Amino acid sequence: FSWNYAGLLSVLGHDDDAFKSYKVASSNDTRCARYKQRYLDLMIDRGEYAAALEECEKVIKYQKQEEGVLSRMSDCYAGLGDHAKAISGYTKHLKSKPNDDTVLVHRGQAYLGKQDLKKAQADADAAIALNPSNSEAWYFMGQLAQSTSDPKSREYFEKARDLSLSGSKIRKKAEAALE
């Protein structure tokens, strides 16, 4: 019941209450992969990388398919600034799911954190080739272009804004970058 209640709160936009409910449900049932991963997503969105990393390590014991948790662990490492571990995890994930454009973007961001612009650009290009409507990939292209003072950064941020949903994080970031 706790998982369903947390999911309902999340859908209704009560993120803080949903987070608390996911936390309670998560402590009572570690095997419900879908909801556990939603709880991890909320932790990561809130910037609670160290706590999310601890939860990921618990979850990975119970799940046979580790790709979802592995990419979340990598997101935690990236958030904590350990780009080498993040890249390693994303690369492992991509071996089993090479067409995951979102993970390509995240790995590219980790490469950007290490100042490896060539690999970051390769991942951005690959993500856009796989999914030209991925607003996060276009936003990342804008970040890359901005880091090298490329005037196309504005064009990429506009594309990210236009492809993203109203009120989404990417849209807000793209709009902020365009100001």
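Q: Sorry if this is basic, but what is going on with the overall build of the protein chain here?
A: Counting its secondary structure elements, the protein chain contains eleven helices and zero strands. When the helices and strands of the protein chain are read in sequence order from the N terminus, they spell out α-α-α-α-α-α-α-α-α-α-α. Taking the intrachain contacts of the protein chain between residues at least 6 apart in sequence as the baseline, contacts between residues at least 24 apart amount to 40%. Accessible surface for the protein chain amounts to roughly 10000 Å². Of this, 49% is attributable to carbon and sulfur atoms.

Q: Please explain the environment of His-83 as it appears in this structure.
A: Tracing the backbone through its elements, the reader meets His-83 in helix H6 (residues 83–96). Put simply, His-83 and Leu-112 are 29 residues apart on the chain and 9.0 Å apart in space, counted from C-alpha to C-alpha.

Q: Sorry, what's going on with the pattern of salt bridges here?
A: Two side chains with opposite charge may pair up if their charged atoms get near one another. The final tally for this structure, using the stated rule, is seven salt bridges. The salt bridge involving Asp-45 is made with Lys-169; its shortest N-O contact spans 3.4 Å. Taken together, the positions of Asp-45 in helix H3 (residues 33–45) and Lys-169 in helix H11 (residues 169–178) put the pair 124 residues apart, joining distant regions of the chain. One salt bridge in this structure joins Asp-162 and Arg-161, with 3.2 Å as the shortest N-O distance. For Asp-162, a relative accessible area of 53% gives the class exposed. Since its relative accessible area comes to 24%, Arg-161 is described here as partly exposed.

Q: What is the right way to read the confidence of the model for the protein chain from this model?
A: Predicted coordinates in regions of low pLDDT should not be interpreted in detail. Across the protein chain, the average pLDDT comes to 85, with 77% of residues at 70 or higher. For the protein chain, helix H1 (residues 2–11) is the element with the lowest average pLDDT, namely 54, and helix H8 (residues 117–130) is the one with the highest, namely 98.

Q: Can you help me understand the packing of helix H7 (residues 101–113) against helix H9 (residues 135–147) in this one?
A: Packed helices, taken two at a time, are described by their axes: the angle between them and the distance between them. The interhelical angle for the contact between H7 and H9, taken along N-to-C directions, is 20°, at an axis separation of 10 Å. By the angle between their axes, H7 is roughly parallel relative to H9. In this structure, H7 crosses over H9, and the sense of that crossing is left-handed. Each of Thr-102, Val-105, His-106, Gly-108, Gln-109 and Leu-112 in H7 lies in contact with H9, whose residues at this interface are Glu-136, Ala-137, Phe-140, Gln-143, Leu-144 and Ser-147. Considering only residue class, the contact of H7 with H9 consists of five nonpolar, six polar and one charged.

Q: Could you clarify how one ought to interpret the packing of helix H10 (residues 153–163) against H11 in this entry?
A: Running from N to C, H10 and H11 cross one another at 150°; their axes reach a closest spacing of 8 Å. As the angle between them shows, H10 and H11 are arranged roughly antiparallel. For the pair H10 and H11, the crossing hand works out as left-handed. For the pair formed by H10 and H11, the contact residues are Arg-154, Phe-157, Glu-158, Ala-160 and Arg-161 on the first element and Ile-170, Arg-171, Ala-174, Glu-175, Ala-177 and Leu-178 on the second. Its residues assigned to classes, the contact of H10 with H11 shows six nonpolar, no polar and five charged.

Q: Whenever I open this one, the packing of aromatic side chains confuses me. Can you help?
A: Aromatic ring pairs: the centre-centre distance and the angle between the two ring planes describe each pair. Evaluated as defined, the whole model comprises two aromatic pairs. Ring centres of Trp-138 and Tyr-156 lie 5.9 Å apart, and the angle between their planes is 35°; this geometry places the pair in the tilted category. One end of the pair, Trp-138, is in helix H9; the other, Tyr-156, is in helix H10, with 18 residues separating them in the sequence. Each of the two residues, Trp-138 as well as Tyr-156, counts as buried. Between Tyr-139 and Phe-157 the ring centres are 5.3 Å apart and the planes differ by 50°, which places this aromatic pair in the tilted class. Remark: Phe-157 occurs in helix H10 and Tyr-139 occurs in helix H9; sequence separation between them is 18 residues. As far as burial versus exposure is concerned, Tyr-139 and Phe-157 are alike and both buried.

About the cut-offs
- Residues numbered from 1 in each chain as written.
- Predicted model: local features only at pLDDT ≥ 70, side-chain atom pairs only at ≥ 80, totals over all residues.
- Heavy atoms only, no water.
- Helix = DSSP H or I, 4+ residues; strand = E, 2+ residues; numbered from the N terminus.
- Contact = heavy atoms within 4.5 Å.
- Areas by Shrake-Rupley, 256 points an atom, 1.4 Å probe, with all protein chains shown as cover.
- Salt bridge = Lys/Arg side-chain N within 4 Å of Asp/Glu carboxyl O.
- Buried < 20%, exposed > 50% of the residue type's maximum accessible area, 1.4 Å probe, protein only.
- pLDDT = per-residue confidence, 0-100.
- Axes fitted to C-alpha atoms, helices over the stretch in contact; angles between N-to-C directions.
- Parallel < 35°, antiparallel > 145°, perpendicular 65-115°, else oblique.
- Left-handed = near helix turned anticlockwise from the far one by under 90°.
- Nonpolar A, V, L, I, M, F, W, Y, C, P; charged D, E, K, R; others polar.
- Phe/Tyr/Trp six-rings, centres within 6.5 Å; stacked < 30°, edge-to-face > 60°.

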